[in-house]
Amino acid sequence: LPPLRWLPHYRWRAWLLGDAVAGVTVGIVHVPQGMAFALLTSVPPVFGLYTSFFPVLIYTLLGTGRHLSTGTFAVLSLMTGSAVERLVPEPLGGNLSEIEREQLDVQRVGAAAALAFGSGALMLGMFALQLGVLSTFLSEPVVKALTSGAALHVLVSQLPSLLGLPLPRQIGCFALFKTLAAVLTALPRSSPAELTISALSLALLVPVKELNVRFRDKLPTPIPGEIVMVLLASVLCFTSSLDTRYNVQIVGLLPGGFPQPRLPNLAELPRILVDSLPIALVAFAVSASLASIYADKYSYTIDSNQELLAHGVSNLISSLFSCFPNSATLATTSLLVDAGGNTQLAGLFSCIVVLSVLLWLGPFFYYLPKAVLACINISSMRQMFFQMQELPQLWRISRMDFAVWMVTWVAVVILSVDLGLAIGVVFSMMTVICRTQRVQCLALGLAEGTELYRPLRESHKLRKVPGLCILSYPAPLYFGTRGQFRRTLEQHLGLGEGGKVRDLVRGEGGFSGRGRRLQRRMAHPMQVRVVVLDCSGLTFADVAGAREVVQLASRCRDAGIHLLLAQCNASVLGTLTQAGLLNRVTPEQLFVSVQDAAAHALE
């Protein structure tokens with residue numbers, strides 16, 4: 001329990017007011033946002049309030065991110081909603097009676113809770129195996145492209161609600177384009193009343209969001225535009241009877257209190273595990289990356305395995321109360337920090353706000369138009385859309401990461417969030433492998449007036465020692481790079497087939513064109529007597545790579561070249577030894593540093 005460590009050192013006078021203000025502010029945002037994301041999950045709005053209460057409370061007790069705000073998250077809601085629609089599809093025709101609609105909602109709530117149970121169980125399994133390091137495989141470009149592409153899915157999926165069109169939700173590949181086509185086809189049937197409500201809501205929410213961002217340092221607390229919009233729309237709908245006169249869809253009665261705890265249908269678990277895995281990975285990756293960002297900013301540490309436990313227990317226990325999958329959220333975390341939050345104690349004040357709505361204030365939201373919730377969904381995507389502004393900088397820094405970002409984003413938009421995530425991770429791993437294939441072996445020379453060895457191409461003030469070749473191979477040596485390693489060493493040492501030194505033909509005016517080119521590319525005179533292989537950048541070697549080094553030692557010995565190895569780490573040296581290196585070289589040919597090896601060679 002992390003609070004047992006930080007609570008005794010809590011600075012009550014300095015932090016309590018900030019935590020209280022931040023917690024209440026986030027709680028006020030949780031209420032409309034939770035109901036909005038519940039619609040995105042294809043469950044009734046009240047279950048978004050449950051998901052804004054139980055996970056927050058549990059994370060306060062188990063989490064290590066002091067500035068992290070958990071609850072409903074748009075990307076997870078979108079992924080969960082797609083799975084729920086597939087597991088519990090709406091009957092053809094869509095004209096359901098009130099009882100049939102209630103039965104459908106019950107089934108969908110059960111499916112969403114089962115997904116939360118499955119993702120929580122997977123995260124607890126990862127915690128048991130201490131797999132918190134898996135979050136590193138979801139790189140920053142993958143996560144940002146995923147959330148940015150998912151934001152576009154959220155925007156398009158909310159268009160029917162904005163326009164008052166009762167269209168079935170599209171799922172699977174190309175869902176975004178299917179939804180756009182359906183909306184354009186049904187556009188003449190849109191509701192003028194709901195379109196007007198949506199336009200007015202966005203006209204209020206978007207400028208307020210912009211004001212909160214631009215004047216965050218001057219405002220004592222962010223302007224709660226969502227709750228103001230909810231209250232205004234509810235009053236307008238009640239006084240004008242928009243639900244009866246213009247058939248505007250409203251939230252309706254929010255049941256008071258909490259649902260009876262019950263175990264999700266375990267018979268459904270095999271069906272939902274395929275959907276639970278990407279949900280668990282996204283939930284943990286987003287939460288861990290957000291926690292790391294603010295931990296670095298405020299100089300404290302987080303435990304990635306403890307975060308797995310916190311989010312796993314949070315999803316598992318909250319699923320017993322009919323909650324859907326949850327994680328840390330971008331918008332409310334930023335809001336909590338801007339409002340002055342200091343510790344996880346802010347989560348308790350947030351829970352008090354949501355609890356008051358569940359117990360007493362629920363009836364005030366009866367006349368809230370669902371179109372307003374759709375507008376809240378869209379306006380909350382602002383931060384995710386603006387991540388695209390980082391693309392020019394990403395292009396300048398690393399074009400490989402830019403390619404990862406674009407491939408992931410295109411896959412998410414065109415296919416689906418799940419497939420886009422898989423494609424992004426696979427492509428990201430492929431770029432790592434490709435980078436190891438493109439590594440160049442560096443020839444080192446002695447810097448004038450020092451005992452340091454630097455790459456020859458960095459400066460002309462480096463001295464080449466006749467007969468001595470010092471090479472640095474800055475990459476892992478495994479089955480995928482051993483061919484590149486062999487070719488590079490042959491090029492620098494002039495080794496031909498069978499370990500013989502390659503014959504460089506001289507013309508009448510000296511070296512031939514090919515010989516001159518090779519001489520310029522080699523970091524040594526033509527007759528190499530000693531070669532020092534700097535292994536400091538060789539992080540690991542597999543069996544194939546180790547055998548390649550052993551073969552190199554044999555070929556050098558046959559060619560009359562003395563091979564010295566420097567700065568091998570314990571793991572690499574152990575692998576090379578097991579592969580039989582010491583049958584080709586003596587322990588006296590292994591050195592701690594390049595300087596020692598070079599000094600030995602000069603002797």
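These numbers were taken from a predicted model, which means no experiment stands behind them.

The rules we used
Position labels on residues start from 1 in each chain and follow its written sequence. The model is predicted, so local features are restricted to residues of pLDDT at least 70 and side-chain atom pairs to those at 80 or more, both for listing and for counting; the totals for chains, interfaces and linings are taken over all residues. Only hydrogens and water are set aside; all other atoms, that is, all heavy atoms of the structure, feed into the side-chain values. Comment: elements are numbered from the N terminus, with helices defined as DSSP H or I runs of at least four residues and strands as E runs of at least two. We call two residues contacting when some pair of their heavy atoms lies within 4.5 Å. Between buried and exposed lies partly exposed: a residue is buried under 20% and exposed over 50% of the maximum accessible area for its type, with that area taken using a 1.4 Å probe on protein chains only. Residues enter a patch when their relative accessible area is above 30% and they make no salt bridge; the linking distance is 9 Å between like charges and 5 Å between nonpolar side chains (Val, Leu, Ile, Met, Phe, Trp, Tyr). Reported accessibility uses the Shrake-Rupley method at a 1.4 Å probe radius. Residues are deemed covered only where the shown protein chains occlude them. The term salt bridge refers to a pairing of a side-chain nitrogen on Lys or Arg with a carboxyl oxygen on Asp or Glu at a separation within 4 Å. For a helix, the expected span equals 1.5 Å multiplied by the number of residues minus one. Each direction from the helix axis to a C-beta atom contributes to the arc, which is the arc of those directions. UniProt positions are given in the numbering used here, feature names are shortened, and annotations may be inferred rather than shown by experiment. As annotated, the domain borders come from an automatic or database domain assignment. Pairing of aromatic side chains here covers Phe, Tyr and the six-membered ring of Trp, requires ring centres within 6.5 Å, and sorts the geometry by plane angle: under 30 degrees stacked, over 60 edge-to-face, intermediate tilted. Criterion for a charge above a ring: Arg CZ or Lys NZ at most 6 Å from the ring centre, at most 35 degrees from the ring normal.

> Can you tell me about the side chain of Gln-344, naming the residues and giving the values?
Relative to the elements of secondary structure, Gln-344 occurs in the loop between helix H15 (330–338) and helix H16 (345–361). Gln-344 has contacts with Trp-6, Thr-60, Gly-63, Thr-64, Gly-65 and Arg-66, leaving out every residue within four places of it along the chain.

> Outline the environment of His-492, supporting the account with residue identities and numerical values.
Along the chain, His-492 falls in helix H22 (residues 482–493). Accessibility expressed as a relative area gives 5% for His-492, which makes it buried. The sequence separation of His-492 and Val-528 amounts to 36 residues, and the corresponding C-alpha distance is 9.4 Å.

> Describe a nonpolar patch on the surface, with residues and values.
Side chains of Phe-174, Phe-177, Leu-180, Val-410 and Ile-414 sit close together on the surface and give an oily, nonpolar patch of about 380 Å² of accessible area. One can find Leu-180 in helix H9 (residues 175–186).

> Lay out the environment of Leu-92 in plain terms, naming residues and giving numbers.
Here Leu-92 lies in the loop between helix H5 (74–87) and helix H6 (98–128). For Leu-92 and Met-429, which are 337 residues apart along the polypeptide, the C-alpha to C-alpha distance reads 42 Å.

> Lay out H9 in plain terms, naming residues and giving numbers.
Between its first and last C-alpha, H9 extends 16 Å over 12 residues, near the 16 Å set by a 1.5 Å rise per residue. By the burial criterion, the buried members of H9 are Ala-175, Leu-176, Thr-179, Val-183 and Ala-186. Viewed along the axis of H9, the buried residues span an arc of 105°, placing them on a single side of the element. The outward face of H9, more than 90 degrees from its buried face, is lined by the exposed residues Leu-184 and Thr-185. Against helix H7 (140–157), helix H8 (159–163) and helix H20 (399–414) lie the buried residues of H9.

> Go over the UniProt feature "transmembrane region" (unreviewed entry) in the protein with me, naming the residues and quoting the values.
Mapped onto the present numbering, the UniProt feature "transmembrane region" (unreviewed entry) falls at residues 12–31, 38–62, 109–133, 277–296, 347–368 and 402–430. Taken end to end, residues 12–31 is 100% helix and 0% strand, and its first and last C-alpha atoms sit 27 Å apart. Structurally, residues 109–133 is divided into 80% helix and 0% strand, and its ends, taken at the C-alpha atoms, are 32 Å apart.

> A description of the domain arrangement of the protein should follow, citing residues and the corresponding values.
The domains assigned to the protein are domain 1 (2–90 + 99–163 + 175–259 + 269–385 + 393–435) and domain 2 (442–495 + 526–601). A straight line from the C-alpha centre of domain 1 to that of domain 2 covers 53 Å.

> Describe in detail the packing of aromatic side chains, supporting the description with residues and values.
Taken as a whole and assessed by the stated rule, the structure comprises 14 aromatic pairs. Plain terms: the ring middles of Tyr-10 and Trp-12 are 4.6 Å apart, the flat faces sit at 65° to each other, and that makes the pair edge-to-face. Overall, Trp-12 belongs to the partly exposed group, its relative accessible area being 49%. Aromatic side chains Phe-47 and Tyr-50 sit 5.4 Å apart centroid to centroid with 85° between the ring planes, which places their arrangement in the edge-to-face category. Of this pair, Phe-47 and Tyr-50 both sit in helix H3 (residues 46–51), 3 residues apart, which is roughly one turn of that helix. In terms of burial, Phe-47 and Tyr-50 fall into one category: buried. In this structure an aromatic cluster arises from ring pairing among Trp-6, Tyr-10, Trp-12 and Trp-15. Positioned above the aromatic ring of Tyr-300 is the side chain of Arg-66, whose terminal nitrogen or guanidinium carbon lies 4.6 Å from the ring centre. Lying across the ring of Phe-386, Arg-382 places its NZ or CZ 4.4 Å from the centre.

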